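# What the coordinates show
Single-letter residue listing:
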Amino acid sequence: MKNRLRVLRAEREWSQAELAVQLDVSRQAVNAIETGKHDPSLPLAFRIARLFDMPIEDIFDDEHD
Amino acid sequence: MSSTPLSQRERRVRRHNIASLLAFLAYLAFIAAKYFPASFLGDISPLLALALLATIIVMFRTRNADEYTAALWRVGTSIAFVITVVFLLMVPFAEGFVDGFMEAHTGEARGQDLPTSTHALPITLGSFFLANAWARLRGTM
């Protein structure tokens with residue numbers, strides 16, 4: 001699943017480690033989600049959406065792999 | 001350059017990753033010792049088995065450190081389970097089928113030559129490590 005996590009993180013000038021702390025996951029998890037190697041769980045997707053104050057579908061795109 | 005202290009979760013994930021690497025290395029050394037018992041590795045084979053067991057226990061205890069490590073663990077264990085079941089059920093079946101076919105043509109009866117139970121552990125662990133590495137490189141889906 002494609003996502004805009006890397007772009008959104010870069011816009012806020014956060015490192016992967018900083019984002020990981022805010023989402024309560026590991027830096028490896030953030031990296032795996034950004035590179036499309038791991039689809040986040042629904043609770044994590046909601047945490048991401050709340051953190052960036054955006055709807056989930058504006059961050060994740062399930063129609064284009 | 002300042003560095004932020006690692007969170008408990010990050011430390012557990014790192015422990016899991018280091019244990020995965022060490023378990024894989026111990027597995028390779030253990031397999032080498034099994035097939036080359038006269039080598040130096042053959043002498044330390046019990047130590048390698050202990051190292052393998054200890055690192056797998058660490059992996060098991062830290063498998064839920066993070067949802068990503070949990071996904072990696074799930075990929076490894078589910079693939080290893082399927083491979084083990086297929087190996088233990090299908091290999092003796094295939095051998096019996098081929099032996100029966102050969103016996104019908106040559107008239108020579110053949111017993112079971114492939115000791116599947118002996119190879120089950122290396123196959124199970126090998127498939128777990130391969131699937132785990134594959135998931136790290138290509139994704140957990």
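An unreviewed UniProt entry annotates chain A as Helix-turn-helix transcriptional regulator of Qipengyuania polymorpha.

### With respect to the interface of chain B and chain A
Taken together, the contact pairs 15 residues of chain B with 14 residues of chain A. Across the chain B to chain A interface the summed buried area is about 1,200 Å²; carbon plus sulfur atoms make up 47%. The interface formed by chain B and chain A holds 1 salt bridge in total. Across the pair Arg-9 of chain B and Asp-24 of chain A runs a salt bridge, and its minimum N-O distance is 3.1 Å.

### Section: the domain arrangement of chain B
Residue and element names in this part refer to chain B. Looking at chain B, the domain boundaries give domain 1 (1–65) and domain 2 (66–141). The distance between the C-alpha centroids of domain 1 and domain 2 comes to 22 Å. Listed as interface residues are 19 residues of domain 1 and, on the opposing side, 12 residues of domain 2. Here domain 1 packs against domain 2, burying approximately 1,300 Å² in sum over the two surfaces, 70% of which is carbon and sulfur. The tally of links from domain 1 across to domain 2 stands at 7 residue pairs in polar contact (both at pLDDT 80 or more). Elements with a contribution of two residues or more to the side of domain 1 that touches domain 2: helix 1 (8–35) and helix 3 (45–61). In terms of residues, the side of domain 1 that touches domain 2 owes the most to one element, helix 1, which gives 11 residues. When the residues that make up the side of domain 1 that touches domain 2 are grouped by side-chain class, the tally is 11 nonpolar, 5 polar and 3 charged.

Cut-off values and rules
- Residues numbered from 1 in each chain as written.
- Chains lettered and ligands numbered in written order.
- Predicted model: local features only at pLDDT ≥ 70, side-chain atom pairs only at ≥ 80, totals over all residues.
- Heavy atoms only, no water.
- Contact = heavy atoms within 4.5 Å.
- Buried area = accessible area lost by both parts, 1.4 Å probe.
- Salt bridge = Lys/Arg side-chain N within 4 Å of Asp/Glu carboxyl O.
- Domains from an automatic or database assignment.
- Polar contact = N/O pair within 3.5 Å; in protein donor to acceptor, adjacent residues only side chain to side chain.
- Helix = DSSP H or I, 4+ residues; strand = E, 2+ residues; numbered from the N terminus.
- Nonpolar A, V, L, I, M, F, W, Y, C, P; charged D, E, K, R; others polar.

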